[in-house]
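Read off the chains here:
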Amino acid sequence: IPLNLPLTPSKLMDVIEGRTAAQAAEPAPAPAVVVPAATEPAAPAAPQAIDGTWQMAMDTPMGAQEMTGRFQTAGEVLTGVLESPEGNQDFTGTVAGNRLKWEMKVTRPMPITLKYDLTIEGDTLSGTAKLGMFGKAKVSGQRA
């Protein structure tokens, strides 16, 4: 490709891109301008309302166990109390979105460690509680 002096940026680009002098003399088509469609930013998902009182039931091998859960969140920290005919017990756990997890050691009706894993959807909660060596029990509930 013959070089036409003086070298200009456009002539250098012609050489780099392998265009001949005749092709370089043709005006290049204007690049298409793509204008992105106007979009509104997505609204952040509303946090699930977790704090408050919940009427809960655990489906255990000994039958349904009714309880009241009182939850309080602070960021990713969950605190609360479960109230049942066997007594009340405080707990501390974690919150990730609408998912709650905590462990508690109970002595009544028998000594056991319960591991709760619950999900809140609106005014309904559901999930499981691991009952030590006795497997898992379904947990369900409604906002009180």
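Now, about the packing of aromatic side chains: what can you tell me, with residues and values included?
Taken as a whole and assessed by the stated rule, the structure comprises five aromatic pairs. Taking 6.4 Å as the distance between ring centres and 35° as the angle between the ring planes, the aromatic pair formed by Trp 54 and Phe 71 counts as tilted. Pair noted here: Trp 54 is in strand S1 (residues 52–60) and Phe 71 is in strand S2 (residues 63–74), with a separation of 17 residues, a long-range link. Between Trp 102 and Tyr 116, the ring centres sit 4.5 Å apart and the planes meet at 15°, which makes this aromatic pair stacked. Residue Trp 102 is found in strand S5 (residues 99–106), and its partner Tyr 116 is found in strand S6 (residues 112–121); the two are separated by 14 residues along the sequence. This pair shows no difference in class: Trp 102 is buried, exactly as Tyr 116 is.

Residues and numbers for the environment of Met 56, please.
Residue position: Met 56 is located in strand S1. When the C-alpha atoms of Met 56 and Gly 69 are compared, they prove to be 6.8 Å apart, with 13 residues separating the residues in sequence.

Give a detailed account of the pattern of salt bridges, specifying residues and quantitative values.
By the definition in use, this model includes four salt bridges. Of the charged contacts, one joins Glu 83 and Arg 70 as a salt bridge, the two residues approaching to 2.8 Å between their closest N and O atoms. Within this pair, whereas Glu 83 is found in strand S3 (residues 77–84), its partner Arg 70 is found in strand S2, the two being separated by 13 residues in sequence.

Let's hear about the sheet that holds S5: which residues, and what values?
Strand order in the closed barrel formed by eight strands is S1-S2-S3-S4-S5-S6-S7-S8, and the pairing between neighbours is antiparallel. The average undirected angle you get between the axes of adjacent strands in this sheet is 30°. Sheet topology places S5 next to S6; eight bridges connect them, and they run antiparallel. If you follow Arg 99 over to S6, its bridge partner there is Thr 119.

Outline the nonpolar core, supporting the account with residue identities and numerical values.
One finds Met 56, Phe 71, Trp 102 and Tyr 116 to be the most contacted residues of the largest nonpolar core, which totals 24 residues. At the level of elements, S1, S2, S3, strand S4 (87–96), S5, S6, strand S7 (124–131) and strand S8 (136–143) are the ones that each hand at least two residues to this core. The contact partners of Met 56, leaving out residues within four places of it in the chain, are Gln 65, Glu 66, Met 67, Gly 69, Phe 71, Leu 82, Leu 118, Leu 125, Val 139, Ser 140 and Gly 141.

Quick rundown of a nonpolar patch on the surface? Include the residues and the values.
A surface patch of nonpolar side chains, about 470 Å² in accessible area, is lined by Met 62, Met 110, Met 133 and Phe 134. Summarising the element assignment, Phe 134 is placed in the loop between S7 and S8. Given a relative accessible area of 44%, Phe 134 falls into the partly exposed group.

Go over the side chain of Thr 68 with me, naming the residues and quoting the values.
Mapped onto the elements of the fold, Thr 68 is located in strand S2. In terms of polar contacts, Thr 68 uses its side chain to reach the side chain of Gln 55, at 3.3 Å.

Reading the values: rules and limits
- Residues numbered from 1 in each chain as written.
- Predicted model: local features only at pLDDT ≥ 70, side-chain atom pairs only at ≥ 80, totals over all residues.
- Heavy atoms only, no water.
- Phe/Tyr/Trp six-rings, centres within 6.5 Å; stacked < 30°, edge-to-face > 60°.
- Helix = DSSP H or I, 4+ residues; strand = E, 2+ residues; numbered from the N terminus.
- Buried < 20%, exposed > 50% of the residue type's maximum accessible area, 1.4 Å probe, protein only.
- Salt bridge = Lys/Arg side-chain N within 4 Å of Asp/Glu carboxyl O.
- Pairing = 2+ DSSP bridges.
- Axes fitted to C-alpha atoms, helices over the stretch in contact; angles between N-to-C directions.
- Core = buried A, V, L, I, M, F, W, Y, C linked by side-chain atoms within 4.5 Å.
- Contact = heavy atoms within 4.5 Å.
- Patch = residues over 30% accessible without salt bridge, like charges linked within 9 Å, V, L, I, M, F, W, Y side chains within 5 Å.
- Areas by Shrake-Rupley, 256 points an atom, 1.4 Å probe, with all protein chains shown as cover.
- Polar contact = N/O pair within 3.5 Å; in protein donor to acceptor, adjacent residues only side chain to side chain.

Geometric descriptors of this kind do not, in isolation, establish any biological role.
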